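# Structural overview for review
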Amino acid sequence: MGLAAAAFAFSAAGCKATCEDVCDRLVECDGLPTERMSSAECEDSCRSQSTLYDGWTDIQKQDALQAELDCLNETACEDIAEGVCYDDAIWSF
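So, here's what we can say about the structure. Values in this document were obtained by computation on a predicted structure and should not be read as measured data. (Residues numbered from 1 in each chain as written. Predicted model: local features only at pLDDT ≥ 70, side-chain atom pairs only at ≥ 80, totals over all residues. Heavy atoms only, no water.)

### Quick notes on the packing of aromatic side chains
Going by this rule: Aromatic pairing here means that ring centres of Phe, Tyr or Trp (its six-membered ring) are within 6.5 Å. Orientation follows from the plane angle: under 30 degrees is stacked, over 60 is edge-to-face, and everything else is tilted. Put simply, DSSP H or I for four residues or longer makes a helix, DSSP E for two residues or longer makes a strand, and each gets a number counted from the N terminus. Each residue is assigned to one of three classes by its accessible area relative to the maximum for its type, calculated with a 1.4 Å probe on protein chains only: buried under 20%, partly exposed between the two thresholds, exposed over 50%.
Applying the stated criterion across every chain, the model contains one aromatic pair. Ring geometry for Tyr53 versus Trp56: centroids 5.7 Å apart, planes at 40°, classification tilted. Here Tyr53 pairs with Trp56, and both are found in helix α3 (residues 39-56), just three residues apart, close to one helical turn. Of the residues examined, Trp56 reaches a relative accessible area of 49% and is grouped as partly exposed.

### Things to note about the layout of surface pockets
Quick note on the threshold: The distinction between a cavity and a pocket rests on a 1 Å grid over the protein atoms alone: a 1.4 Å probe fits inside a cavity but cannot get out, while a pocket stays open yet meets protein on both sides within 12 Å along at least five of seven lines, and a residue with an atom within 4 Å of a point counts as lining. Grid points are joined across faces, edges and corners, and a volume is the space filled by probe spheres set on the points. Three residue categories are used. Nonpolar comprises Ala, Val, Leu, Ile, Met, Phe, Trp, Tyr, Cys and Pro, charged comprises Asp, Glu, Lys and Arg, and polar comprises the others, including Gly.
By volume, the second largest pocket is sized at about 170 Å³. Only α3 and α4 (59-74) provide two or more residues apiece to the lining of the second largest pocket. It is α4 that provides the largest number of residues to the lining of the second largest pocket, a total of five residues. Looking at side-chain class alone, the lining of the second largest pocket contains four nonpolar, four polar and three charged residues.

As structure tokens, then:
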């Protein structure tokens, strides 16, 4: 799952999108592979990926994941489905 970020207020206020923000939004988007995933499952996956990158101390991947979360949080569902936020640096499939 490419996260893989709808709360426009967060981005407008300069706050970083969280796994919770993004997953709540993605689960509600029609036409995304997340329709069969619960928000809690999505959050677990997102946090696991974040924890992995933190453990590796891989700043580039941490930044790429945050950028994807922010993109997913700010982008329309239709555009997400088109792959606007997809980053092959963190999603190789």
